[in-house]
Amino acid sequence: MPDTDPTQRSATISVLVENEAGVLARVIGLFSGRGYNIDSLTVAPVERDPDSTHSKSRITVVTSGTAMVIEQIKAQLDRLVPVYRVSDLSAEGPHLSRELALIKVIGTGTARQEALRLADAFRARVIDASTESFIFELTGATDKLDAFLDLMRPLGLAEVSRTGVAAIARGTRTI
Amino acid sequence: MDGSIMAPDIMKSGAEAVLRALKAQGVDVIFGYPGGAVLPLYDALFQQNAIRHILVRHEQAAVHAAEGYARSTGKVGVVLVTSGPGATNAVTGLVDALMDSIPIVCLSGQVPTHLIGNDAFQEADTTGITRPATKHNYLVKKSSDLARVVHEAFQVARTGRPGPVLIDLPKDILINPAPYCDPSTEPHRSYRPRTEPDPARIDAAIALLKRSERPIVYAGGGIINAGPEASKLLLEFVRLTGFPCTTTLMGLGAYPASDPQFLGMLGMHGTFEANLAMHGADVMLNLGARFDDRVTGRLNAFSPGSKKIHADIDPSSINKSVVVDVAIIGDAAAILRALITAWRADEVRQNREPLAKWWQQIDFWRSKNSMRFTQPRDPGSIIKPQYAIERLYKATRGQAKETYITTEVGQHQMWAAQHFKFDKPNRWMTSGGLGTMGYGLPAAMGVQVAHPDALVIDIAGEASILMNIQEMGTLAQYRLPVKIFILNNRYMGMVRQWQELLHGSRYSESYSEALPDFVKLAESFHGVGLRAEKIEDLDRVIAEMIAVDRPVIADICVDQLENVFPMIPSGAAHNEMLLGPEHKNEEGGYTGKSVTDEGLVLV
């Protein structure tokens, strides 16, 4: 039973849906229509049925709210017709969250050297380089990406593209 | 599986495939309005006789009519509208059905698939617009999906928590040949609502209920949606337990109003006894209601001392606004059946002594007679609106015909809910959740189509009725003898009441200026117009209205300044209820006390 505890928590919710037109709009519309937050959203097809007429997509939403609100979000998502399963990974045991970022840093001289050195320390890969720029590819938890971006900011951070969070439960548990 | 190897029937047009699917779903009537994009469907309708089409005068009315049809029969109501404005006009009706959980399938036309997204003539993004207005919607882009989608739409509309489903049908899909298939016997891939309750939760509920000292049953529209069997089971359960029972606005008729264990409606304009019993209860059993803000009043003061059991078919209703102790997911009839069995099987004996004391307390509250009013009887006296409803109710009781009541929205709706008594489910059609003015006349139309021999009355206000007055034309065309009983106080009464209580009697834009002559208006639409201006006219007008076998508008001129009492002001708790001027000198009586600032922001 949830209580009326007002403390907010972050929740990583995975939703397995029928891969059909409009399904993402249904999910997003539900969040905006009911005033829930979306901190991050990721979606891609993950399963194709043997008959190949249907496939499933997995949506990962990072949201925040009180325990009561998060329970509501789950129930509201579950009630959408094309939704198969809803799982609050952050409440149902240990899980892993990863995000990928492509980061463009423009600069020359010592700033450029420092950027490359830090990238190495963070295990970011250089996937493109010119005499005045690098593009780094970095994978990790959201806070690791945030930390790296903070370091790049004074070194010529020019552009970022992030995927949003993909998450999965640890061990044998599946959605 | 023997059918799977057979080639499906190829229908010569998508429109024919749609009609065949509708017939397979048991559809006998459609409420609609034609237009360019749905011409193929209208052509197919023309060439058959199994499905009747009722031509409304506005698409909003088509949906309300289908709601009235659905609510009074338990079947799915079907609507057919064209693309663009046809679909956008239907939106209010769809949201109304969504809020009140009414099963509707709305077929909307769409521009041909190759024009979608081109800003074509009468194009609107109908699935986009109606996504939050429906339980689910579909855009059919392939002829091979057509029949399956129609069948699925009916399944989604009628099962689980019922609701409106829209199918957007591009014109080329309606014209091109399409395969037909019968409804699938396989369960839906992702949509599987739970109907059978968890026995452990039933036992937990019974454990609380058996030991309760001040119990209350709070039943809602979910009982009506679960079918007449659920109402019978509710009566059986309440009789078995000896508990008091109240219902929501949507639940009126789910429990017989004439039964002594019925406390009347609860909530903002509910009875004193129902609200105080909710406030003072130690165990509350909510069956198919959703703790609506019109019921709970101020949330942190709502039934503060009770253990709450909430039975609902929709898991998202649980803990949405009120945190409960035991949640039971399932169909109301299945839950009641399980509760009755478990109550009987449980060996703990119910202690009837505290229950008897509880009833003494309730009877004291009841003795306040919180809905009483004074009707001056001298000839020439102005009619009190409550009295008009009371007389209407008395007059209908003597009828051999079944009586069905619809309402518009406002003061008259509340007076109807308070003073008209319903002993059976499916006899009361009102817009509860959305509060749609203009609902009552088209809804009555739908009810009369479903029950041609019944007495169908739309209890209306003079402002609301004008919102869909064009449907008088539909009544005339199909000879639907709907009676429109207007409580005419020349104000948007509920707006006026709130302005009086909350806004210093500044009656901003709430006066019904330049009203039509309703008698002549009825006559111009081939109906009968009647008027009661004084108390001595009332019974005669009611009798004549009922006797006439044609559409009637009865214009009942009532006291302009009457307010709906009792009332829980916005932001107040159940035990802070205002009683009417009748109770001026009693504790809790109307003091003219204004609403708190906190309450002012609430609607």
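Rules and cut-offs
- Residues numbered from 1 in each chain as written.
- Chains lettered and ligands numbered in written order.
- Predicted model: local features only at pLDDT ≥ 70, side-chain atom pairs only at ≥ 80, totals over all residues.
- Heavy atoms only, no water.
- Helix = DSSP H or I, 4+ residues; strand = E, 2+ residues; numbered from the N terminus.
- Rg over C-alpha atoms; globule rule 2.2 N^0.38 Å.
- Areas by Shrake-Rupley, 256 points an atom, 1.4 Å probe, with all protein chains shown as cover.
- Lys, Arg positive; Asp, Glu negative; His and termini not counted.
- Charge placed at Lys NZ, Arg CZ, Asp CG, Glu CD.
- Pairing = 2+ DSSP bridges.
- Axes fitted to C-alpha atoms, helices over the stretch in contact; angles between N-to-C directions.
- Contact = heavy atoms within 4.5 Å.
- Buried area = accessible area lost by both parts, 1.4 Å probe.
- Salt bridge = Lys/Arg side-chain N within 4 Å of Asp/Glu carboxyl O.
- Polar contact = N/O pair within 3.5 Å; in protein donor to acceptor, adjacent residues only side chain to side chain.
- Nonpolar A, V, L, I, M, F, W, Y, C, P; charged D, E, K, R; others polar.

(A) Broad picture of the overall build of chain B. A tally of helices and strands in chain B yields 22 helices and 20 strands. Here the C-alpha radius of gyration of chain B, 25 Å, is about what a compact globule of 603 residues would show, namely 25 Å. For chain B, the spread of C-alpha atoms along the three principal axes comes to 75 × 65 × 50 Å. Carbon and sulfur atoms make up 52% of the accessible area of chain B, which amounts to about 23300 Å² in all. Side chains of chain B carry 59 positive and 66 negative charges; the gap between the two charge centres is 3 Å.

(B) Quick peek at the sheet that holds strand β2 (residues 40-48) of chain A. All names here are of chain A. One open sheet holds the 4 strands; their spatial order is β2-β3-β1-β4, and the pairing between them is antiparallel. Two strands in the sheet have a free side with no partner beyond their single neighbour: β2 and β4 (83-88). Between one strand axis and the next, the sheet turns by 20° as a mean value, whatever way the strands run. Two strands pair when backbone bridges link them, and strand β1 (residues 9-18) and β4 are joined in this way by 5 bridges, in the antiparallel orientation. Residue pairing in the sheet places isoleucine 13 in a bridge with aspartate 88 of β4. Where helix α1 (residues 23-33) meets the sheet, its contacts fall on β1, β2 and β3 (55-65), and the angle it forms with β3 comes to roughly 15°. The strands touched by helix α2 (residues 67-78) within the sheet are β1, β3 and β4, with β4 carrying the most contacts at an inclination of about 165°.

(C) Highlighting the interface of chain B and chain A. Each partner contributes to the interface: chain B provides 21 residues, whereas chain A provides 20 residues. At the boundary of chain B with chain A, total buried surface from both sides reaches about 1700 Å², with 54% on carbon and sulfur atoms. The tally of links between chain B and chain A comes to 3 salt bridges. In this structure, arginine 189 of chain B engages glutamate 18 of chain A in a salt bridge whose closest nitrogen and oxygen atoms are separated by 3.2 Å. Inspection of the region where chain B meets chain A yields 10 residue pairs in polar contact (both at pLDDT 80 or more). Classifying every residue of the side of chain B that touches chain A gives 7 nonpolar, 7 polar and 7 charged.

(D) Molecular detail of the side chain of arginine 161 of chain B. On the secondary structure map, arginine 161 of chain B appears in the loop between α6 (146-158) and β7 (164-170). Side-chain polar atoms of arginine 161 of chain B contact the side chain of serine 101 of chain B, separated by 2.9 Å. Residues contacting arginine 161 of chain B, with those up to four places away along its chain left out, are Arg79 of chain A together with Met99, Ser101, Lys135, Arg290, Ile313, Asp314 and Ser317 of chain B.

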